[in-house]
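Here's the letter readout for the chains.
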Amino acid sequence: MLVSGTGSILQALLNACQSEEFGARIVAVGADRDGTGGVEKAEAAGIPTFVRRVKDFPDRMGWDQALTRDCAGYAPDLVVAAGFLKLVGQDFLSQFGGRMINTHPALLPAFPGLHSVRDALAYGVKVTGCSVILVDAGIDSGPILAQQAVPVLDDDDEEALHERIKVVERTLVVDTIGRMVRNGWTASDRTVRIGS
Ligand code: GRF
């Protein structure tokens, strides 16, 4: 699992993994910066962690190759990015493409990018939400696995709306990953079907 921030989605997954019926376990947690709540939560749960910072490498490709090696060392079936604020590169995708998941706090393809909650508010939409997607080489452009809507309230600011989205997002991520690991999935162009 890859994180850059608080790690509340990671915590929701850690909680779900305590039940064997969930069907998955987290083998490692990686971050692109020091001092993340996500790595702290993983350490508290006894999960191996690693940090790979872009600035420690001469170029982005070197960072991507190191991150790929780190993740491959744990032989994960799935890589889950939850609040991971970096785009992975070609090396990472050639190893994990088709089995890397990202979660995004907007109803894609609306409002991709880092400021999706702010952008949705600025646009004046009445409904936004969250999307769980397979990662491809673009920015939040991969095939959609699951989405859920969240109403925008008249007096929402960015923080209040993002917090309400995250409540829904945590459940959606846990539910989607659980269904994928238990039932498998098939992808054809942009259409992904979980289970048979
Ligand atoms: C989520 O809304 C995710 O979609 C976004 O950052 C948030 C991560 O929250 N990119 P947390 O670190 O899991 O609490």
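Residues numbered from 1 in each chain as written. Predicted model: local features only at pLDDT ≥ 70, side-chain atom pairs only at ≥ 80, totals over all residues. Heavy atoms only, no water.

Asks: How do you make sense of the domain arrangement of the chain when you look at a structure like this?
Replies: Reports often express the size of an interface as the amount of accessible area lost when the parts come together. Along its sequence, the chain is organised into domain 1 (1-96) and domain 2 (103-172). A straight line from the C-alpha centre of domain 1 to that of domain 2 covers 21 Å. In this assembly, 10 residues from domain 1 lie in contact with 10 residues from domain 2. Between domain 1 and domain 2, roughly 720 Å² of surface is buried when both sides are summed, and carbon and sulfur atoms account for 72% of that area. (Domains from an automatic or database assignment. Contact = heavy atoms within 4.5 Å. Buried area = accessible area lost by both parts, 1.4 Å probe.)

Asks: What should I look at first to understand the site of the ligand in this one?
Replies: By nearness alone, every residue bordering the ligand is listed as G5, T6, G7, S8, I9, G83, T103, H104, P105, H162, K166 and E169. Interatomic distance of 3.3 Å between a backbone N/O atom of T6 and an oxygen atom of the ligand. In this structure, an oxygen atom belonging to the ligand sits 2.9 Å away from a main-chain N or O atom of I9. For the ligand, the accessible surface in isolation is 370 Å², of which the surrounding protein chains cover 88%. Counting atoms within 2 Å of the grid points, the majority share of the ligand lands in the largest pocket. Put simply, the parts of the chain that give the shell around the ligand at least two residues each are α1 (8-17), β5 (100-104) and α6 (158-183). Here the shell around the ligand gets 3 residues from one element, more than from any other, and that element is α6. Per-class residue counts for the shell around the ligand are 2 nonpolar, 8 polar and 2 charged. There are two domains that each give the shell around the ligand at least three residues, and those are domain 1 (1-96) and domain 2 (103-172). (Near = heavy atom within 4 Å. Polar contact = N/O pair within 3.5 Å; in protein donor to acceptor, adjacent residues only side chain to side chain. Areas by Shrake-Rupley, 256 points an atom, 1.4 Å probe, with all protein chains shown as cover. 1 Å grid on protein atoms, 1.4 Å probe; cavity = no way out; pocket = protein on both sides within 12 Å on 5 of 7 lines; lining within 4 Å. Sits in = over half its atoms within 2 Å of the grid points. Helix = DSSP H or I, 4+ residues; strand = E, 2+ residues; numbered from the N terminus. Nonpolar A, V, L, I, M, F, W, Y, C, P; charged D, E, K, R; others polar.)

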